[in-house]
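# Descriptive analysis of the structure
The primary structure of each chain is shown beneath.
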Amino acid sequence: MAEFEVGSSSKLRTPPPRPPANLDLTPEQVKRFEINRLKAKAKQREREHAASSSSALNPNKKRPLEVVAASSTSPTAPKPEAKLRRDSRLGKYFEYDLSKMVNSKGGFLLEDDKEADAELRAKERERERERAKKALEPPIFLDPAKNPKCKDCGSVDIDHTFRKVFGCLVCNTCKNAKPEKYSLLTKTECKEDYLLTDGELKDEEIMPHLLKANPHKSTFANMMLFLRYQVEEFAWTKWGSPEALDAEYERRVSLKSKKKNKKFEDGLKELRRRTRETVWQRRKDQEHKHVFGVVEKDLDGVGKQVCHECGFTIDSQVAHTLEVEQLDSNLFRSLAKHLFLPFRSRGIFGGQVISQALVSATNTVDPAYALHSMHCYFLLSATPAPILYHVDRVRNGRSYCTRAVRAYQSGQMVFIIICSFQIPETWQPSKKPTPPNGVPRPDQCAFAWEDALKRADEPGCHSKKRAYLIEWAQERQQSFVLIKNAGWRIESNGDKVWMYWFKVEGMPACNSAYQKCILGYISDYQFIGVAGKTMGLESTSPPGPTRLGLMSSLDHSIFFYNNDFDCGQWMLYMIHSPSIGSGRGVVFGRMYTESGDLIALMTQEGVTRADIRDPSKAKL
């Protein structure tokens, strides 16, 4: 051990004093001595450092400031960061250490302790060996007679791929020198140039082919390559000769060109049709639609109905007939003084009730919708008293809307109608019936009141019958609905058809909705009466089975197939009755324009009774 000199100070000195000269130390001993001295000095410094980190005061009488170690139990020791808490909304999930994952190239991530399937790897290696064996070229024999030779030049250096796939013995030199014979054709070239089908090209016995990866994209299907001379041999066999193949090719090209031209023409025609319809629809949308107000009387006392937007005025007699007063959004009322009670009738004219109900329903519908059908029932005979029309908005659809109108009088329901409205679909296909032929023109026919007066002037006419005909003729002369008799004829099925020309006198031009309401009024004229005429019943006949005892409408239906007609022009009304029995008769009607276009179809059933008593109730 090294000895330290003791003096006035106890502090160590560096370097230490030399040892006494009388000690003879070897260099090795001096070296060991110095090393031990340095070790002791280092230990001394560690003890001093440990003492200064405690609560002991430093030479300045202060507690040393040091960072508290993380492992210390002191309350001021730093705390480790808290781990992130898993969000409970994420549900259950599994945590993996991705740093320990390995890619086994099998589509799955495996941990270190899980190896890839060794069996699959072995199978893949086996498949690679099989592919390598197939790719090996066959050996060359020492005997030249055993080696296959090129059929063109006799060389033994043949292309083994052609031999194995196509069964063709040809060397690489001849293959490259004769592309017109040994070049490869794609499936598309075989179909387009040689007119072969998919079934023929997929048959390996007929057409062997070589599969190669698609050069355009690896995900596309493999290419099918065919040997040119084999394709040509099969094509000549199929078509007979190269000239026949060329003729068939030209025929197909011509047919394809015709189809292409036809498709272009059809597309152009469709474009023109849509353009015409678009222009027509635009014009129809730009047309003014009259919005009529209530009936107003001028200084002469004549009522008129005026359009609020353009000032267009409707004649008073027509306006009075269809006039209804709007009491609420869905409630309308007719005026008693304008209700028409026909000659010798039990109730007001049914056509007027129909027309007023249609006006009430039309006032609750968007003008874009057009009336296409109506079905109504006459429940009770209405008297010349105000009628309330209550409109039910049954349905409002995108293409169709429906309204139900109930007519009340004196607290009782006397009439009910259901109307259906549609947005016109002019682009849909249509079928028009054959216009009637052989019908006398309106200028060739006489008015119905003129025929009645002629019958009244016939000799032998009974006085009561004459009085009836004269009174009926006077009523018809006062009506704004003009009727001309066009006679009758027998149809091919044996039905007797009565024909009439109808026209509204002084009818100004108005919108389609108002025209249809007026047509509903006209359609009830001469309609159910055809059932009595078919049976030979007349109200002017003497009592008995040929006399008409009672005639009254039960229901009425109209189907509109024309939105562009004018009741102010002559219209042909053809009516026939196919069935009558049990005191009821049904009639069918067709309304045409003077040019032969169908306007509407009508049906009606009504009470048609002869003047005969029930035998079970006969008096004894």
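Residues numbered from 1 in each chain as written. Predicted model: local features only at pLDDT ≥ 70, side-chain atom pairs only at ≥ 80, totals over all residues. Heavy atoms only, no water.

## Focus on the packing of aromatic side chains
Applying the stated criterion to the full structure yields 13 aromatic pairs. Judged by centre distance (5.5 Å) and plane angle (25°), the ring pair of Phe-480 and Tyr-521 falls under stacked. Residue Phe-480 is located in the loop between helix 13 (463-478) and strand 16 (481-490), and its partner Tyr-521 is located in helix 14 (residues 512-522); the two are separated by 41 residues in the primary sequence. Exposure remark for Phe-480: the relative accessible area of 5% places this residue in the buried category. (Phe/Tyr/Trp six-rings, centres within 6.5 Å; stacked < 30°, edge-to-face > 60°. Helix = DSSP H or I, 4+ residues; strand = E, 2+ residues; numbered from the N terminus. Buried < 20%, exposed > 50% of the residue type's maximum accessible area, 1.4 Å probe, protein only.)

## Here we look at the nonpolar core
Among the nonpolar cores identified, the biggest contains 70 residues, and Tyr-389, Phe-415, Ile-417, Leu-519 and Ile-522 are the most heavily contacted of them. Every residue in contact with Tyr-389, bar those within four places of it in the chain, is listed here: Val-324, Asn-330, Leu-331, Phe-332, Ser-334, Val-353, Gln-356, Ala-357, Ser-360, Val-405, Arg-406 and Ala-407. By size, the runner-up hydrophobic cluster in this structure holds 13 residues, among which are Phe-166, Leu-210, Leu-225 and Tyr-229. (Core = buried A, V, L, I, M, F, W, Y, C linked by side-chain atoms within 4.5 Å. Contact = heavy atoms within 4.5 Å.)

## Notes on the side chain of Glu-232
Mapped onto the secondary structure, Glu-232 falls in helix 8 (residues 228-239). For the buried Glu-232, no salt bridge exists, and the shortest N-O distance to an oppositely charged side chain is 4.2 Å, to Arg-228. Among all residues touching Glu-232, those that are not within four sequence positions of it are Glu-180 and Tyr-194. (Lys, Arg positive; Asp, Glu negative; His and termini not counted. Salt bridge = Lys/Arg side-chain N within 4 Å of Asp/Glu carboxyl O.)

## Structural notes on the packing of helix 12 (residues 448-456) against helix 13
One can describe the packing of helix 12 onto helix 13 by two numbers: an axis separation of 9 Å at closest approach and a directional angle of 160°. Classified by the angle between their axes, helix 12 and helix 13 sit roughly antiparallel to one another. The handedness of the crossing between helix 12 and helix 13 is left-handed. Contacts from Ala-448, Trp-449, Ala-452, Leu-453, Arg-455 and Ala-456 in helix 12 reach Lys-465, Arg-466, Leu-469, Ile-470, Trp-472, Ala-473, Arg-476 and Gln-477 in helix 13. Class assignment for the residues of the contact of helix 12 with helix 13 results in nine nonpolar, one polar and four charged. (Axes fitted to C-alpha atoms, helices over the stretch in contact; angles between N-to-C directions. Parallel < 35°, antiparallel > 145°, perpendicular 65-115°, else oblique. Left-handed = near helix turned anticlockwise from the far one by under 90°. Nonpolar A, V, L, I, M, F, W, Y, C, P; charged D, E, K, R; others polar.)

## Side note on the pairing of strand 10 (residues 331-334)
The alternating pattern of strand 10 places Phe-332 and Ser-334 on a buried face and Leu-331 and Arg-333 on a face that is not buried. Sheet topology note: the strand 9 (residues 324-328)/strand 10 ladder contains four bridges and is antiparallel. Across the sheet, the residue bridging to Glu-325 is Arg-333, located in strand 10. Adjacent in sequence and paired antiparallel, strand 9 and strand 10 are bridged by two residues. (Pairing = 2+ DSSP bridges.)

## What to know about the pattern of salt bridges
Working definition: two side chains of opposite charge can pair if their charged atoms are close together. Tallying each qualifying case throughout the model produces 18 salt bridges. As a salt-bridge pair, Lys-191 and Asp-198 come within 3.2 Å of each other at their nearest N and O atoms. As a salt-bridge pair, Asp-392 and Arg-406 come within 2.3 Å of each other at their nearest N and O atoms. Linking Asp-392 in strand 12 (residues 388-396) with Arg-406 in strand 13 (residues 400-409), this pair joins segments that are 14 residues apart in sequence. By relative accessible area, which is 22% here, Asp-392 ends up partly exposed. Several salt bridges converge on common partners, so that one network encompasses Lys-187, Lys-191 and Asp-198.

## A word on empty space enclosed by the protein
This model, assessed by the stated rule, comprises one cavity of 30 Å³ or more. Looking at the largest cavity, the residues that line it are Phe-447, Ala-448, Trp-449, Arg-476, Val-481, Leu-482 and Ile-483. Elements represented by at least two residues in the lining of the largest cavity include exactly helix 12 and strand 16. The element contributing the most residues to the lining of the largest cavity is strand 16, with three residues. (1 Å grid on protein atoms, 1.4 Å probe; cavity = no way out; pocket = protein on both sides within 12 Å on 5 of 7 lines; lining within 4 Å. Points joined across faces, edges and corners; volume = space filled by probe spheres on them.)

## Topic: the side chain of Asp-524
Examined against the element boundaries, Asp-524 turns out to sit in the loop between helix 14 and helix 15 (529-534). Buried charge Asp-524 goes without a salt bridge, the closest partner of opposite sign being Arg-476 at 11 Å. At 2.8 Å, the side chain of Asp-524 and the side chain of Gln-604 are in polar contact. Beyond its immediate stretch of four places on either side in the chain, Asp-524 contacts Phe-349, Gly-350, Gly-351, Ser-553, His-556 and Gln-604. (Polar contact = N/O pair within 3.5 Å; in protein donor to acceptor, adjacent residues only side chain to side chain.)

## Some remarks on the environment of Pro-542
With respect to the helices, strands and loops of the structure, Pro-542 is situated in the loop between helix 15 and strand 18 (548-560). Given the relative accessible area of 56%, Pro-542 is considered exposed. When the C-alpha positions of Pro-542 and Lys-465 are compared, they lie 9.8 Å apart, and in sequence the two are 77 residues distant.

## Describing the packing of helix 11 (residues 350-362) against helix 14
Any two packed helices are characterised by how steeply their axes cross, that is the angle between the axes, and by the distance between the axes. Two elements in contact, helix 11 and helix 14, have axes whose closest approach is 7 Å; the angle formed by their N-to-C orientations is 160°. Here helix 11 is positioned roughly antiparallel relative to helix 14, judged by the angle of their axes. Regarding helix 11 and helix 14, the two cross each other, and that crossing is right-handed. Residue-level contacts link Gly-351, Gln-352, Ile-354, Ser-355, Leu-358, Val-359 and Thr-362 of helix 11 to Ala-513, Lys-516, Cys-517, Gly-520 and Tyr-521 of helix 14.

## Re unusual backbone geometry
Although it is not a glycine, Ser-410 adopts a positive phi angle of roughly 55°. Along the polypeptide, Ser-410 turns up in the loop between strand 13 and strand 14 (412-422).

## Some remarks on the environment of Met-571
Along the polypeptide, Met-571 turns up in strand 19 (residues 571-581). Along the sequence, Met-571 and Thr-593 sit 22 residues apart, while their C-alpha atoms lie 4.8 Å from each other. For Met-571, the residues in contact, after removing those within four places along its chain, are Tyr-500, Trp-501, Phe-502, Leu-519, Ile-522, Asp-566, Met-591, Tyr-592 and Ile-599.

## Considering the pairing of strand 17 (residues 496-504)
Counting buried positions over the nine residues of strand 17 gives seven, a clear majority of the element. Note that strand 16 and strand 17 share eight bridges and pair antiparallel. Across the sheet, residue Ile-483 finds its bridge partner in strand 17, namely Phe-502. If you look at the hairpin formed by strand 16 and strand 17, you'll find five residues sitting between the two strands, and Gly-494 has a positive phi there, around 95°. Note: strand 17 against strand 19, six bridges, orientation antiparallel. Bridging across to strand 19, Trp-501 finds its partner in Leu-572.

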